[in-house]
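Working through the structure, step by step
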Amino acid sequence: MREIQDKYFRLAKREGKLARSYYKLQEINQRTKIIKEGSRVLDIGACPGSWLEYILENIGDKGVACALDLNVIAKKFKGVVDFRKMDVRELTPETFAESAKEFDVVVSDMAPKTSGIRLTDQARSLELCEIAAEYAFKVLAPKGAFVCKIFESPEVKPFREKLRPSFKTTRTIKPDASRDESMETYIICMGYGEEPEEKRARPDHEYRKTKGKRTRQY
Ligand SMILES: C[S@@+](CC[C@H](N)C(=O)[O-])C[C@H]1O[C@@H](n2cnc3c(N)ncnc32)[C@H](O)[C@@H]1O
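Focus: the overall build of the protein
- Looking only at helices and strands, the protein features five helices and nine strands.
- Going residue by residue from the N terminus, the α and β elements of the protein occur as α-α-β-α-β-β-β-α-β-α-β-β-β-β.
- Within the protein, the proportion of its 218 residues that are buried is 51%.
- Restricting to contacts in the protein with at least 6 residues of sequence separation, those with at least 24 account for 65%.
- If you sum the accessible surface of the protein, you get close to 11300 Å²; carbon and sulfur atoms cover 50% of it.

Here you go:
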């Protein structure tokens, strides 16, 4: 696996991307097609900006990119980004209203400052996801998509179950570019406001291996 991880690090250097994270969103989008030409995308926890790079490359001139982070993004992008330096807790539906009244896609790659105490870090990650999801419910357009990074814990399943009734499909993806030893995984919800597809009978612990991809589907 280390070979794959080195591959993404080298790829980012070779292709001039800000960080290997770029390839996580790339894989998520190649598999879900949620971000496309014209999409209005909100990127929560956007610093240093590699997801924004990917978003701007894919939404074209008619798309809208809004983003926020506790820290400022140093990179100057080719496309236009409505960026706010702020805590996700301060967001209101008006924050980005001038750029977009609603979004087709809300992504959160937020990660808490890790304490090294597993339970604490898991709880903090979950809290950030809950805040991001609550905000997504306020600003997502019908059929919109929500993506969030979450640290694996027994609380992930109940959280995902809370999201599930609001979306057509809800699944979990661990992209190849995500280190195996990392606790992170990504919840992908698609089809906001649509009837949820029937829950699939699949054991919770089982990652579905499809062409080498790591996916949980519920
Ligand atoms: C893993 S980084 C995101 C990487 C980014 N997606 C990229 O590809 O460049 C996680 C980010 O979450 C941000 N973050 C953590 N807690 C936050 C909060 N309460 N409000 C806003 N941003 C937060 C951190 O400042 C950090 O920049």
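Some details on the packing of aromatic side chains
- Scanning the model with the defined rule gives eight aromatic pairs in all.
- Between Phe-96 and Phe-103 the ring centres are 6.4 Å apart and the planes differ by 85°, which places this aromatic pair in the edge-to-face class.
- Three or more aromatic residues link up through ring pairs in this structure, and these residues are Tyr-8, Tyr-22, Tyr-23 and Tyr-54.

Digging into the nonpolar core
- Core analysis: the biggest nonpolar cluster contains 32 residues, and Leu-42, Ile-44, Val-106, Phe-146 and Phe-159 have the highest contact counts within it.
- Elements represented by at least two residues in this core include exactly β1 (40-44), β2 (64-69), β4 (103-108), α4 (118-139), β5 (140-151), α5 (156-163) and β7 (184-192).
- With nine residues, α4 is the single largest residue contributor to this core.
- Setting aside residues up to four positions removed in sequence, Phe-159 forms contacts with Leu-126, Cys-129, Glu-130, Ala-133, Cys-148, Ile-150 and Ile-187.
- Listed in part, the 29 residues of the second largest apolar core include Leu-25, Ile-55, Ala-177 and Tyr-186.

Quick look at the site of the ligand
- In the vicinity of the ligand, 20 residues are found, and the nearest of them are Gly-49, Ser-50, Asp-69, Val-88 and Asp-109.
- Between the ligand and the protein, one listed contact pairs a nitrogen atom with a backbone N or O atom of Val-88 at 2.9 Å.
- The separation between a nitrogen atom of the ligand and a polar side-chain atom of Arg-89 is 3.3 Å.

Here's the deal with the pairing of β5
- The buried fraction of β5 amounts to 10 of the 12 residues, a majority that puts the element mostly inside the structure.
- Direction of pairing for β4 relative to β5: parallel, over a ladder of five bridges. Residue pairing in the sheet places Val-105 in a bridge with Ala-145 of β5.
- With respect to chirality, the unit in which β4 leads through α4 into the neighbouring parallel β5 is right-handed.
- Pairing of β5 with β7 involves seven bridges; the strand directions are antiparallel. Across the sheet, Ile-150 pairs through a bridge with Thr-185, a residue of β7.

What to know about the pattern of salt bridges
- By the definition in use, this model includes 12 salt bridges.
- The salt bridge involving Glu-53 is made with Lys-75; its shortest N-O contact spans 3.6 Å. Taken together, the positions of Glu-53 in helix α3 (residues 50-59) and Lys-75 in the loop between β2 and β3 (81-85) put the pair 22 residues apart, joining distant regions of the chain.
- On the accessibility criterion, Glu-53 (8% relative accessible area) is buried.

Focus: α4
- Taking 1.5 Å as the rise per residue, α4 with 22 residues should run 32 Å; its terminal C-alpha atoms sit 32 Å apart, in good agreement.
- For α4, the set of buried residues is Asp-121, Gln-122, Ser-125, Leu-126, Leu-128, Cys-129, Ile-131, Ala-132, Ala-133, Tyr-135, Ala-136 and Val-139.
- Looking at the packing, one finds that the buried side of α4 touches β1, β4, β5 and α5.

Examining the side chain of Arg-20
- Along the chain, Arg-20 falls in the loop between α1 (2-15) and α2 (21-32).
- Within the structure, Arg-20 has its side chain in polar contact with the backbone oxygen of Ala-177 (distance 3.1 Å).

Conventions adopted
- Residues numbered from 1 in each chain as written.
- Predicted model: local features only at pLDDT ≥ 70, side-chain atom pairs only at ≥ 80, totals over all residues.
- Heavy atoms only, no water.
- Helix = DSSP H or I, 4+ residues; strand = E, 2+ residues; numbered from the N terminus.
- Buried < 20%, exposed > 50% of the residue type's maximum accessible area, 1.4 Å probe, protein only.
- Contact = heavy atoms within 4.5 Å.
- Areas by Shrake-Rupley, 256 points an atom, 1.4 Å probe, with all protein chains shown as cover.
- Phe/Tyr/Trp six-rings, centres within 6.5 Å; stacked < 30°, edge-to-face > 60°.
- Core = buried A, V, L, I, M, F, W, Y, C linked by side-chain atoms within 4.5 Å.
- Near = heavy atom within 4 Å.
- Polar contact = N/O pair within 3.5 Å; in protein donor to acceptor, adjacent residues only side chain to side chain.
- Pairing = 2+ DSSP bridges.
- Right-handed = clockwise from strand over helix to strand, strands pointing away.
- Salt bridge = Lys/Arg side-chain N within 4 Å of Asp/Glu carboxyl O.
- Expected span 1.5 Å × (residues − 1).

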